[in-house]
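Read off the chains here:
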Amino acid sequence: MAESAGGREIAVYLPSSYAAGEAKYPVVYVQDGSYLFESSIEELEWKIERGELRELIFIGIGPVNRTDEYTPWFAPALSDKFADFGGRGAEYLSFVTGELKPWIDARYRTSRRAEETGIAGASLGGLISLYAAYRYPGVFGRIGLLSASFWYPGMLGYMRTEPIAAASRKIYMYVGSAEGIDKRNIQSTMVPYTKEAFALLTDGGFSGDRLRLEIEEGAGHKAAYFIKRFPEAMAWLFPAETGP
């Protein structure tokens with residue numbers, strides 16, 4: 001269903017059992033609107049039916065200006081064909097945590113525990129999701145990073161110097177092995193920088209059962225690959241409960 005909050009479009013997906021009971025559900029806040037989950041609903045629901053994935057509420061957040069909102073600090077454009085990266089990520093995440101999340105929690109039966117609150121995105125959407133993990137450890141306990149833009153100037157340096165809370169949190173990372181091979185700028189570092197980010201998170205305290213990196217052979221930086229991988233990411237971050 002479509003909603004509106006803070007002057008932007010919000011897409012809400014409720015699990016099939018939502019209307020029939022009073023249970024509270026984990027929530028995943030997804031960047032770039034609803035395309036990641038709307039395009040993979042059949043696969044997500046199939047995983048739920050097979051007992052691989054918990055029932056989830058998905059919140060798709062429509063961007064206003066993604067190159068500003070999904071970047072943590074200013075950086076010059078990669079070419080004169082594009083605008084500079086505005087670096088308004090902190091302001092955007094303040095909206096998500098301070099306005100949108102309380103609004104969603106008031107309207108829907110959500111679990112408000114960090115362990116049951118996720119944030120996910122692809123490309124720059126993955127970058128801002130990781131930044132959210134650093135800035136709001138008490139809010140987001142499950143982080144999905146699909147081809148996150150670890151090439152962004154200063155990001156690896158930030159990860160080297162800033163502590164990250166690892167306890168009770170999980171991070172899923174994905175990148176295609178062909179990402180960046182056709183680039184002649186810093187984006188050519190997609191794969192090696194993703195591997196370095198994985199190593200930094202490991203050094204930061206994320207153990208094997210709390211951090212996962214999947215590298216898909218031959219996959220490029222395309223939405224079709226992000227959509228394909230999204231259900232797997234969710235199933236790893238929110239596996240079905242198998243009992244007490």
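Refer to the structure printed above.
First, a word on scope: everything that follows refers to the structure included in this document.

Re the pairing of strand E4 (residues 57-61)
Okay, step 1: Among the five residues of E4, five are classified as buried, and the element is accordingly described as predominantly covered.
Okay, step 2: With burial as the criterion, each face of E4 is covered, one bearing Ile-57, Ile-59 and Ile-61 and the other bearing Phe-58 and Gly-60.
Okay, step 3: In the sheet, strand E2 (residues 8-13) pairs with E4 via four bridges, with the strands oriented antiparallel. Across the sheet, Ala-11 pairs through a bridge with Gly-60, a residue of E4.
Okay, step 4: With five bridges joining them, strand E3 (residues 27-31) and E4 adopt parallel strand pairing. Within the sheet, the bridge partner assigned to Val-27 lies in E4 and is Ile-57.

Concerning the sheet that holds strand E6 (residues 142-146)
Okay, step 1: With mixed pairing, eight strands are arranged side by side in an open sheet as E1-E2-E4-E3-E5-E6-E7-E8. Two strands close off the open sheet at either side, each with one partner strand: strand E1 (2-5) and strand E8 (211-216). The sheet shows a mean angle of 20° between the axes of neighbouring strands, direction not considered.
Okay, step 2: Across five bridges, the pairing between E6 and strand E7 (residues 170-176) is parallel. When the sheet's bridge partners are listed, Leu-146 is paired in E7 with Tyr-174.
Okay, step 3: Seen against the sheet, helix H8 (residues 223-237) touches E3, E4, strand E5 (117-122), E6, E7 and E8 and runs at an angle of roughly 155° to E7.

Quick word on the packing of aromatic side chains
Okay, step 1: Evaluation of the coordinates by the stated rule reveals 15 aromatic pairs.
Okay, step 2: Ring centres of Trp-73 and Tyr-131 lie 6.0 Å apart, and the angle between their planes is 85°; on these two criteria the pair is classed as edge-to-face. Of this pair, Trp-73 sits in the loop between helix H3 (66-69) and helix H4 (89-107) while Tyr-131 sits in helix H5 (residues 124-135); the two residues are 58 residues apart in sequence, bridging distant segments of the chain.
Okay, step 3: Plain terms: the ring middles of Trp-73 and Tyr-152 are 6.4 Å apart, the flat faces sit at 45° to each other, and that makes the pair tilted. Within this pair, whereas Trp-73 is found in the loop between H3 and H4, its partner Tyr-152 is found in the loop between E6 and helix H6 (155-161), the two being separated by 79 residues in sequence.
Okay, step 4: On the accessibility criterion, Trp-73 (22% relative accessible area) is partly exposed.
Okay, step 5: The exposure class of Tyr-152 is buried, given its relative accessible area of 1%.
Okay, step 6: Three or more aromatic residues link up through ring pairs in this structure, and these residues are Trp-73, Phe-85, Tyr-131, Tyr-134, Trp-151, Tyr-152 and Tyr-158.

A closer look at H5
Okay, step 1: Compared with an ideal rise of 1.5 Å per residue, which puts 12 residues at 16 Å, H5 spans 16 Å between its outermost C-alpha atoms and is within 8% of the ideal.
Okay, step 2: Taken residue by residue, H5 has Leu-124, Gly-125, Gly-126, Leu-127, Ile-128, Ser-129, Leu-130, Tyr-131, Ala-132, Ala-133 and Tyr-134 as its buried positions.

Considerations on the packing of helix H2 (residues 41-49) against H8
Okay, step 1: With their axes 9 Å apart at the nearest point, H2 and H8 run at an angle of 30° to one another. Like other packed secondary-structure pairs, H2 and H8 cross with a definite hand, here right-handed. In this structure, H2 uses Glu-43, Leu-44 and Lys-47 to contact H8, whose residues at the interface are Phe-230, Pro-231, Glu-232, Met-234 and Ala-235.
Okay, step 2: Across the contact of H2 with H8, the residue classes break down as five nonpolar, no polar and three charged.

What counts and what doesn't
- Residues numbered from 1 in each chain as written.
- Predicted model: local features only at pLDDT ≥ 70, side-chain atom pairs only at ≥ 80, totals over all residues.
- Heavy atoms only, no water.
- Buried < 20%, exposed > 50% of the residue type's maximum accessible area, 1.4 Å probe, protein only.
- Helix = DSSP H or I, 4+ residues; strand = E, 2+ residues; numbered from the N terminus.
- Pairing = 2+ DSSP bridges.
- Axes fitted to C-alpha atoms, helices over the stretch in contact; angles between N-to-C directions.
- Contact = heavy atoms within 4.5 Å.
- Phe/Tyr/Trp six-rings, centres within 6.5 Å; stacked < 30°, edge-to-face > 60°.
- Expected span 1.5 Å × (residues − 1).
- Left-handed = near helix turned anticlockwise from the far one by under 90°.
- Nonpolar A, V, L, I, M, F, W, Y, C, P; charged D, E, K, R; others polar.

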